[in-house]
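Chain residues, written in single-letter form:
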Amino acid sequence: MIKKNERLLSKVLVALVAVLISCNGSQTSQKNQVPKVGFLDLLEDATLAQAKKGFFVALKDSGYSATDGTLEIIYRNAQGDQPTLLQACDYLISENVDLIATNPSLSTITAVQRTKTIPVFMMVSSTPKLMKLNDAKGNEPVNLFGTGENIDYIDTSFDLIPSLILPKNGKIKVGMIFNQSEPQSVSAMEGIKKRVDINKMELVALPVNSSAEVQLVTQSLL
């Protein structure tokens, strides 16, 4: 799913870069002038790393690469810290990047809130509606592109648990870790709570703020 989403996202990105090049004319025709992409990452995470890798591989396949000098990349990782994320986003905007790639939802929300003119390309993000980015009429931000994920698949996955696990003392007890600073994770948790009630299971959910906390919290659940 990640590869499919990121390749679709990169095609949109490449198309927009081509438009920017044709519109900027005199600037981009200079030898040293290439499209500048800012990449805003929230934290170090294996899934996010795969999305980022797919994003740049697909760009390279389409003829845009920092190593070939056809693209300039400014990468910033907030290491799970929200104030740092805001500062990183503001820095990318101050650098007059042509595009901002965001990974995951919280990065997308931050970028859309900080700029209304620079195109924002999201990955591993919720739909604009789930991220509460739509306006009062339900319209999505005009500068937001990419692929958004809903959380419908969670219902099916969770409903399978009773058929796979034998209950202890008459009830299945499920441990769950979620990122309380990530809107998509919080939305998923709310959905999971409903499925737990429907399936008459018991949920023990503990929050984490960074991948560094996952091992400790997992041990606590066990």
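For the structure, see preceding data.
These numbers were taken from a predicted model, which means no experiment stands behind them.

J.: Would you take a moment to explain the layout of surface pockets for this structure?
T.: Where empty space is left in the structure can be found by rolling a water-sized probe over the atoms. In this structure, the largest pocket spans a volume of roughly 790 Å³. For the largest pocket, the lining is made up of 31 residues, of which D45, V124, E182, Q184 and S185 are closest to its centre. Every element with two or more residues in the lining of the largest pocket is listed here: α1 (2–24), α2 (46–61), β5 (144–149), α5 (152–159), β6 (173–179) and α7 (183–198). A per-element tally of the lining of the largest pocket places α7 first, with five residues. Partitioning the lining of the largest pocket into residue classes produces 18 nonpolar, 10 polar and three charged.

J.: Looking at this model, I keep getting lost on unusual backbone geometry. Mind explaining?
T.: Most peptide bonds take the trans form, and the phi angle of most residues other than glycine is negative. The step from N103 to P104 runs through a cis peptide bond, and the omega angle for that step is 0 degrees. Notably, N96 is not glycine yet its phi reads approximately 55 degrees, a positive angle. Structurally, the position occupied by N96 is in the loop between α3 (82–94) and β3 (99–103). With relative accessibility at 60%, the residue N96 sits in the exposed group. Of note in this structure, V124 is not a glycine but carries a positive phi near 45 degrees. Along the chain, the position of V124 falls in strand β4 (residues 120–126). Given the relative accessible area of 15%, V124 is considered buried.

So, how was this worked out
Residues numbered from 1 in each chain as written. Predicted model: local features only at pLDDT ≥ 70, side-chain atom pairs only at ≥ 80, totals over all residues. Heavy atoms only, no water. 1 Å grid on protein atoms, 1.4 Å probe; cavity = no way out; pocket = protein on both sides within 12 Å on 5 of 7 lines; lining within 4 Å. Points joined across faces, edges and corners; volume = space filled by probe spheres on them. Helix = DSSP H or I, 4+ residues; strand = E, 2+ residues; numbered from the N terminus. Nonpolar A, V, L, I, M, F, W, Y, C, P; charged D, E, K, R; others polar. Buried < 20%, exposed > 50% of the residue type's maximum accessible area, 1.4 Å probe, protein only.

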